[in-house]
Amino acid sequence: MATYNNRLLQKALLSFLGRYSIAMGATALAALVRMMLPWVLASVPYLGFYPAVVVSAALGGVGPGLVSTFVSLFLVNFVFGHFNIHDNSSIARQIVWVTTGIGVSLLAGMQRSARMREKVQAEELRRMNEDLEVRVQQRTSEIQEVNRRLLEAFHTLEIESAERVAVNEKLAEKTEKLNQTLISLEEEMAEQQKSEEQ
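Residues numbered from 1 in each chain as written. Predicted model: local features only at pLDDT ≥ 70, side-chain atom pairs only at ≥ 80, totals over all residues. Heavy atoms only, no water.

1. Some points on the overall build of the chain
Tallying secondary structure elements over the chain gives five helices and zero strands in all. Going residue by residue from the N terminus, the α and β elements of the chain occur as α-α-α-α-α. Relative to the compact-globule value of 16 Å for 198 residues, the chain shows a C-alpha radius of gyration of 47 Å, a clear excess of over 25%. In terms of its C-alpha atoms, the chain occupies a principal-axis envelope of roughly 160 × 35 × 25 Å. Put simply, of all contacts in the chain between residues at least 6 apart along the chain, 72% involve residues at least 24 apart. Here the chain displays about 15,200 Å² of accessible surface, and carbon together with sulfur accounts for 63% of that area. Taken together, the 20 basic and 22 acidic charged side chains of the chain have centroids lying 31 Å from each other. (Helix = DSSP H or I, 4+ residues; strand = E, 2+ residues; numbered from the N terminus. Rg over C-alpha atoms; globule rule 2.2 N^0.38 Å. Contact = heavy atoms within 4.5 Å. Areas by Shrake-Rupley, 256 points an atom, 1.4 Å probe, with all protein chains shown as cover. Lys, Arg positive; Asp, Glu negative; His and termini not counted. Charge placed at Lys NZ, Arg CZ, Asp CG, Glu CD.)

Okay, structure coming up:
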């Protein structure tokens, strides 16, 4: 039991690390593209990070999508630009970015959750089918065994019935012979009685 729990914990940890590594890797790749193409993405600083958020959320779920969103926000404001609290257009872009990132993360995360549920349900259905198949095979074997025993019992009854018929026929023959013998004896006794009376 402890080994099974350790394996489950280890699997969950690897899944967690893998999902968040995807988020960090996708965001780092987007940042690298942003560094390599500053003249293209300067006017739209968050555009290069949209694919990172979508990939992170689609492959990792809501949490990795949100991590990618907020790491991108940090990179745009503190690595590729300078955060200015008094720049209203910058604040508006940040609000739009965070809202969009959360929305994309939620949608992609829900889609991922639906795929995972479908996968779990398919696995559960496969297991149930296997269990059902095993039970059907067991029931079939039990029914075949019962049928075999019934056939043996029927055969035994046929043999016993045939033996009883044969015994009854012999008994009827002997009874008939006995009756004939008794009739003959009665006739002889009646004749003897007549001869004695005369």
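2. Section: helix α5 (residues 88–197)
The end-to-end C-alpha separation of α5 is 156 Å, in line with the 164 Å expected for 110 residues at 1.5 Å each. Buried residues of α5: Ser90, Gln94, Trp97, Val98, Gly101, Ser105, Ala108, Gly109 and Arg112, and no others. (Expected span 1.5 Å × (residues − 1). Buried < 20%, exposed > 50% of the residue type's maximum accessible area, 1.4 Å probe, protein only.)

3. What about the side chain of Thr27?
Relative to the helices and strands, Thr27 is located in helix α1 (residues 2–36). In this structure Thr27 touches Phe49, Ala52, Ser68, Val71, Ser72 and Leu75, once residues within four positions along its chain are discounted.

4. Some thoughts on the nonpolar core
Ranked by size, the top nonpolar core spans twelve residues in total: Ala26, Ala30, Ala31, Tyr46, Phe49, Ala52, Val53, Leu73, Leu75, Val76, Trp97 and Val98. Counting residues per element, the ones that place at least two in this core are α1, α3 (50–60), α4 (62–79) and α5. Those residues in contact with Ala52 that lie beyond four places of it in its chain are Ala26, Thr27, Ala30 and Ser68. (Core = buried A, V, L, I, M, F, W, Y, C linked by side-chain atoms within 4.5 Å.)

5. Some points on the environment of Met24
Mapped onto the secondary structure, Met24 falls in helix α1. Between the C-alpha atom of Met24 and that of Val71, which follows or precedes it by 47 residues, the distance is 8.3 Å. The contact partners of Met24, leaving out residues within four places of it in the chain, are Val67 and Val71.

6. Considerations on a nonpolar patch on the surface
Taken together, the side chains of Leu29, Leu32, Val33, Met35, Met36, Leu37, Trp39 and Val40 present a nonpolar region at the surface, about 830 Å² in accessible area. Breaking the nonpolar patch down by element, the ones donating at least two residues are α1 and α2 (38–41). The element that contributes the greatest number of residues to the nonpolar patch is α1, accounting for five residues. As for its placement among the helices and strands, Leu29 is situated in helix α1. The exposure class of Leu29 is exposed, given its relative accessible area of 54%. (Patch = residues over 30% accessible without salt bridge, like charges linked within 9 Å, V, L, I, M, F, W, Y side chains within 5 Å. Salt bridge = Lys/Arg side-chain N within 4 Å of Asp/Glu carboxyl O.)

7. Re the confidence of the model for the chain
Of all residues in the chain, 98% attain a pLDDT of 70 or more, and the chain-wide mean is 88. When pLDDT is averaged over each helix and strand of the chain, the minimum, 74, is found for α2 and the maximum, 92, for α4. (pLDDT = per-residue confidence, 0-100.)

8. A short note on the packing of α4 against α5
Orientation of α4 relative to α5, taken along the N-to-C sense of each, is 160 degrees, at an axis distance of 8 Å. Judged on the interaxial angle alone, α5 and α4 are roughly antiparallel. Viewed along their axes, α4 and α5 form a crossing whose handedness is right-handed. When α4 is examined against α5, the residues Val62, Gly65, Leu66, Thr69, Phe70, Ser72, Leu73 and Asn77 are found in contact with a partner set consisting of Ser90, Gln94, Trp97, Val98, Gly101, Ile102, Ser105, Leu106 and Gly109. Of the residues that constitute the contact of α4 with α5, the class distribution is eight nonpolar, nine polar and no charged. (Axes fitted to C-alpha atoms, helices over the stretch in contact; angles between N-to-C directions. Parallel < 35°, antiparallel > 145°, perpendicular 65-115°, else oblique. Left-handed = near helix turned anticlockwise from the far one by under 90°. Nonpolar A, V, L, I, M, F, W, Y, C, P; charged D, E, K, R; others polar.)

9. Comments concerning the environment of Leu37
If you trace the backbone, Leu37 turns up in the loop between α1 and α2. Separated by 28 residues in sequence, Leu37 and Leu9 have C-alpha atoms that sit 42 Å apart.

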